[in-house]
Amino acid sequence: MASDREQPLENAPLIARVWKSIFPGPVLPTSDRDRKWIVFNTLLLHLRPIRVPASTIRYTHTFGLGGMSLVLVLLLMGTGALLMFVYEPSSGGAHGSIAGLERDVLFGPLVRGVHYWCANLIVVVVTLHLLRVFLTGAFHAPRQFNWIVGLTLLACVLTSNFTGYLLPWDQRSYWAVTIVTGMVEYVPVVGGWLQRVIRAGPEIGTSTIINFYTIHTTLVPVLLISFMGLHFWRVRKAGGVVPPERPADRDGQRPQYVLFLPHLLMREVAVALALFAVVLVLAIVFPAPLGEGANPGMSPNPAKAPWYFMGFQELLLHFDPLFAVVVIPLIGIAALMFLPYLRYCDPLDGPWFLSDTGRRAAALALGVGVAITPIWVLLDEFVVDPGAWFPSVSPVLSYGVLPFVVFVGLAAGFSFVVRRRFGAGDSETVQALFILLLTVFVVFTLTGVWFRGTGMALTWPWNS
Amino acid sequence: MSERDNRQASEAPSRRRFLIGVWIGLGVVALAELFWIVFSFLRPGRQRMVRQPAGKVHVVGPLERFEPGTVTAFREGKFYLVRLDDGGFLALHRQCTHLGCTVPWIAEQERFACPCHASVFDVRGEVLSPPAPRPLDLFQVRIENGIVKVDTSVPVKRAGFDPSQVVRA
């Protein structure tokens, strides 16, 4: 290739000379030396390392979930920019503009379908990414702060999803946002004020759409891009993703490296293209729904929050609002944020589920969570009614403190069992507890989405 | 470190500390201004600039139009005008106190039943069945010269039904 660069360019055709001026290095690499040169010398690829540890690029180590999130964000921004040309942010025009997009615009339904499916998939993919990072212990030093950055990105994704949910202004979106902003009123002292700020008034209307539209199209994308940059940079600074070997096997051995181009890049491109294909198929086969225009006078029955918030709506059916809306979410967020800063006697990381003990404890946690949560839901629906048993006690105690203490007791008992029976250390116990709580929340969410029918009564999915 | 260096080290910070303090103070002021501006843009009152029909007095009609023991819905004002059996009036906000769904009046069962989470209210707006935490909110009713008027500017929250809430001719 060196001889290539020495060739006089004056005689080459114009296109070749322009091409050469943009990409001065070798364009088609033939040797490893050229590949390094390309990564080093191009704007996009120089964000990536030249070499990566060979063991970390195995697909089943990360499942490419972080890269998939990035692909979905890029697709969302592309389709979102197109949608902005059509959308009219007002209570009178919103639903009509989306209906017009579906009816009159070439590929309008496809673009909206891709936006819709990317938005739904990104919640799942980002959650799975969090789970991958957690289950491989990749939140210990030096990756502690990147865990916090990741949580911030999760908050951005959820905010973006929720604000976008209102914009089509059909019955489903209007009432879902009514319910979620209705939950805010239960926050003590500042609840009513906070609700009016979010809604930009006492009721949901044009001001609310403008609020949500601005957050959805300006504020969140800016935050998302900034924190994504920080997130990726911290991954580089930590030396890439956590290696899949146990810490004991890792020590003293220099890992084997492979070139980023082609080994990792090709894998990433393959994952991105496969994901894009899946999104396209979903968008074509299951187009984004658009119901009747919003009617503030008629609540549909049942009226449900967006599916990723159904866990909280389900919590409201089992706990006093103070606990369902304030105490439990705050404890959950605090626990997630402090997770990397707890003191672990044995900060394990590397292989999935950390160790064989960790794997067995995790399986038990999953089993207990799947078994106990439906029983809890059924008992609460048909048998247990602490408010009727203790009528003189305030509902905050009978529906809030009492079930909460019972649940904390069960979780404490579980972690005791895991420690004693399996001999689990700190890392494995925390992992098992996390899986237990996450399973409970996921089962709550699924119950709310699939097993709640008219009047939020329990029912089978095929009956509702 | 020599004695002179020591003295400098102990003297210099006073001016430096003062300047740092000024910078921090100015930073706090700038931050406060920023918050003020952002908040004034977010302030719920800003929709007054956008015309808002809420908060007006509805003239709903003459007294005789409403038989005792009836509930009449007013879509426009988002309330129900209830005339109790004894002839007293109540104007109930149609919004459920649980999560804000619109509550329909079920005439056959003589109660309000929320479709969202199955809260049930009686004709006076009192909770018959949770999860609603408090009775339906009230709007102020006035009767002037035999004409019933309802002021929908402020929904009045209440802990329970009280005879003083009923307006009589």
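Here is what the cut-offs are and how they apply
- Each residue is numbered by its place in its chain's sequence as written, counting from 1.
- Whichever chain is written first becomes A and whichever ligand is written first becomes 1, with later ones labelled in order.
- Side-chain atom pairs in this predicted model are given and counted only at pLDDT of 80 or more, local residue features only at pLDDT of at least 70, and totals for whole chains, interfaces and linings cover all residues.
- Values shown for side chains rest on all heavy atoms present in the structure; no hydrogens or waters enter the calculation.
- Numbering of helices and strands runs from the N terminus, with a helix taken as a DSSP run of H or I at least four residues long and a strand as a DSSP run of E at least two residues long.
- The contact criterion used throughout is that any non-hydrogen atoms of two residues lie within 4.5 Å.
- To measure how exposed things are, a 1.4 Å probe is used in the Shrake-Rupley method; for residues, cover is taken only from the protein chains shown.
- Partly exposed residues are those whose accessible area sits between 20% and 50% of the maximum for their type, while under 20% is buried and over 50% is exposed, using a 1.4 Å probe and protein chains only.
- What counts as an axis is a line fitted to C-alpha atoms, over the stretch in contact for a helix, and the angles between N-to-C directions run from 0 to 180 degrees.
- Every angle not falling under 35 degrees, over 145, or within 65 to 115 is termed oblique; those three ranges are roughly parallel, roughly antiparallel and roughly perpendicular.
- Handedness of each helix crossing follows the sense of rotation of the near helix against the far helix: counterclockwise by less than a right angle gives left-handed, clockwise gives right-handed.
- Residue polarity is assigned by list, with Asp, Glu, Lys and Arg as charged and Ala, Val, Leu, Ile, Met, Phe, Trp, Tyr, Cys and Pro as nonpolar; anything else, Gly included, falls into the polar class.
- Throughout, buried area stands for the accessible area (probe radius 1.4 Å) lost by two parts on being put together, summed over both.
- In what follows, salt bridge is the name for a side-chain nitrogen of Lys or Arg lying within 4 Å of a carboxyl oxygen of Asp or Glu.
- Polar contacts here mean pairs of N or O atoms no more than 3.5 Å apart (in protein, one a potential hydrogen donor and the other a potential acceptor; neighbouring residues in sequence count only if both atoms are side-chain atoms).
- One fewer than the residue count of a helix, multiplied by 1.5 Å, yields its expected span.
- The rule for pairing is simple: two strands pair if DSSP sees at least two bridges between them.
- Domain extents, as shown, originate in an automatic or database domain assignment.
- Asp and Glu count as negative and Lys and Arg as positive, but His and the ends of the chain are not part of the count.
- Whether two aromatic rings pair depends on their centres lying within 6.5 Å, for rings of Phe, Tyr and Trp, where Trp uses its six-membered ring; planes under 30 degrees apart make the pair stacked, over 60 edge-to-face, and the rest tilted.
- Charge over a ring is defined by NZ of Lys or CZ of Arg lying within 6 Å of the ring centre and within 35 degrees of the ring normal.

Asks: I would appreciate a short explanation of the overall build of chain A in the present structure.
Replies: Assigned secondary structure in chain A consists of 19 helices and two strands. For the C-alpha atoms alone, the extent of chain A along its principal axes is close to 95 × 65 × 40 Å. In chain A, of all internal contacts separated by at least 6 residues, the share reaching a separation of at least 24 is 77%. Carbon and sulfur atoms make up 70% of the accessible area of chain A, which totals about 23,900 Å².

Asks: Please explain the overall build of chain B as it appears in this structure.
Replies: Each helix and strand in chain B was counted, giving one helix and 10 strands. Starting at the N terminus and walking to the C terminus, you meet the elements of chain B as α-β-β-β-β-β-β-β-β-β-β. Expressed as a percentage of the 169 residues in chain B, the buried residues total 36%. Across chain B, contacts joining residues at least 24 apart in sequence account for 44% of those joining residues at least 6 apart. When the accessible surface of chain B is split by element, carbon and sulfur atoms take 58% of a total near 10,600 Å².

Asks: Which parts of the structure should I look at to understand the packing of helix α14 (residues 310-318) of chain A against helix α15 (residues 321-338) of chain A?
Replies: Any two packed helices are characterised by how steeply their axes cross, that is the angle between the axes, and by the distance between the axes. Residue and element names in this part refer to chain A. Close contact between α14 and α15 brings their axes to 7 Å; oriented N to C, the two are set at 130 degrees. Comparing the axis directions of α14 and α15 gives the class oblique. Of the two possible hands of crossing, α14 and α15 adopt the one that is right-handed. For the pair α14 and α15, the contacting residues are Phe 312, Leu 315 and Leu 316 in the first and Pro 321, Ala 324, Val 325, Ile 328 and Pro 329 in the second. Of the residues that constitute the contact of α14 with α15, the class distribution is eight nonpolar, no polar and no charged.

Asks: What exactly am I supposed to notice about α14 of chain A here?
Replies: The buried fraction of α14 of chain A is high, at seven of nine residues. Against α9 (171-184), α15, α16 (356-382), α18 (395-422) and α19 (426-450) of chain A lie the buried residues of α14 of chain A.

Asks: Could you clarify how one ought to interpret the interface of chain A and chain B in this entry?
Replies: Many structure descriptions define interface size as the accessible area lost when the parts assemble. Contacts between the two partners involve 30 residues from chain A and, on the opposite side, 24 residues from chain B. When chain A packs against chain B, the two sides together hide about 2,100 Å² of surface, and 53% of this comes from carbon and sulfur. For the interface between chain A and chain B, the tally reads three salt bridges. Where Glu 185 of chain A meets Lys 157 of chain B, a salt bridge forms, and the shortest distance between an N and an O atom there is 3.3 Å. Seen at the junction of chain A and chain B, the total is six residue pairs in polar contact (both at pLDDT 80 or more). Going through the elements one at a time, α9, α10 (191-199), α11 (206-237) and α14 of chain A are the ones with two or more residues in the side of chain A that touches chain B. The residue makeup of the side of chain A that touches chain B, split by class, is 15 nonpolar, 11 polar and four charged.

Asks: What am I meant to see in α16 of chain A here?
Replies: Since there are 3.6 residues in each turn of an α-helix, residues three or four apart along the chain are aligned in direction. Residues and elements named next belong to chain A. Here α16 is 27 residues long and its end C-alpha atoms lie 40 Å apart, about the 39 Å a rise of 1.5 Å per residue gives. Among all positions in α16, only Thr 357, Gly 358, Ala 361, Ala 362, Ala 365, Gly 369, Thr 373, Trp 376 and Val 377 are buried. Buried residues belonging to α16 abut α14, α18 and α19.

Asks: What exactly am I supposed to notice about the sheet that holds strand β2 (residues 70-74) of chain B here?
Replies: Pairing between the strands of a sheet comes from backbone hydrogen bonds, and it takes one of two forms, parallel or antiparallel. Residue and element names in this part refer to chain B. Strand order in the open sheet made by the six strands is β1-β10-β9-β4-β3-β2, with antiparallel pairing throughout. Only two strands of the sheet have a single partner each, and these edge strands are β1 (57-62) and β2. Geometrically, the sheet is characterised by an average inter-axis angle of 25 degrees between neighbouring strands, direction not taken into account. Relative to strand β9 (residues 138-144), strand β4 (residues 89-93) runs antiparallel, the two being bridged by two bridges.

Asks: Help me out: how do you make sense of the domain arrangement of chain A in this one?
Replies: Partitioning chain A into domains gives domain 1 (9-45), domain 2 (51-300) and domain 3 (313-464). Using C-alpha coordinates to define each centre, domain 1 of chain A is positioned 56 Å away from domain 3 of chain A.

Asks: How should I be thinking about the side chain of Arg 94 of chain B in this particular structure?
Replies: Structurally, Arg 94 of chain B can be placed in the loop between β4 and β5 (105-106). The buried charged residue Arg 94 of chain B lacks any salt bridge, with Glu 203 of chain A as its nearest oppositely charged partner at 6.5 Å. When residues no more than four places from it in sequence are discounted, the contact partners of Arg 94 of chain B are Pro 296 and Gly 297 of chain A together with Arg 75, Lys 78, Phe 79, Tyr 80, Cys 101, Thr 102 and Val 103 of chain B.

Asks: For this particular structure, what's the right way to read the environment of Gln 195 of chain A?
Replies: Mapped onto the elements, Gln 195 of chain A comes out in helix α10. Each residue touching Gln 195 of chain A, except ones within four places of it in the same chain, is listed here: Thr 181, Gly 182, Val 184 and Glu 185 of chain A.

Asks: For this particular structure, what's the right way to read the packing of aromatic side chains?
Replies: According to the stated counting rule, one finds 27 aromatic pairs over all chains in the structure shown. On the numbers, 5.5 Å between centres and 50 degrees between planes, the contact of Phe 139 of chain A with Trp 147 of chain A is tilted. Measuring from ring centre to ring centre gives 5.2 Å for Tyr 308 of chain A and Phe 309 of chain A, while their planes differ by 75 degrees; the resulting arrangement is edge-to-face. The buried category is assigned to Tyr 308 of chain A, whose relative accessible area is 8%. Exposure remark for Phe 309 of chain A: the relative accessible area of 15% places this residue in the buried category. Aromatic rings pair up to connect Phe 162, Phe 212, Trp 307, Tyr 308, Phe 309, Phe 312 and Phe 441 of chain A into one cluster. Above the plane of the ring of Phe 161 of chain B lies Arg 124 of chain B, whose end atom (NZ or CZ) is 4.4 Å from the centre.

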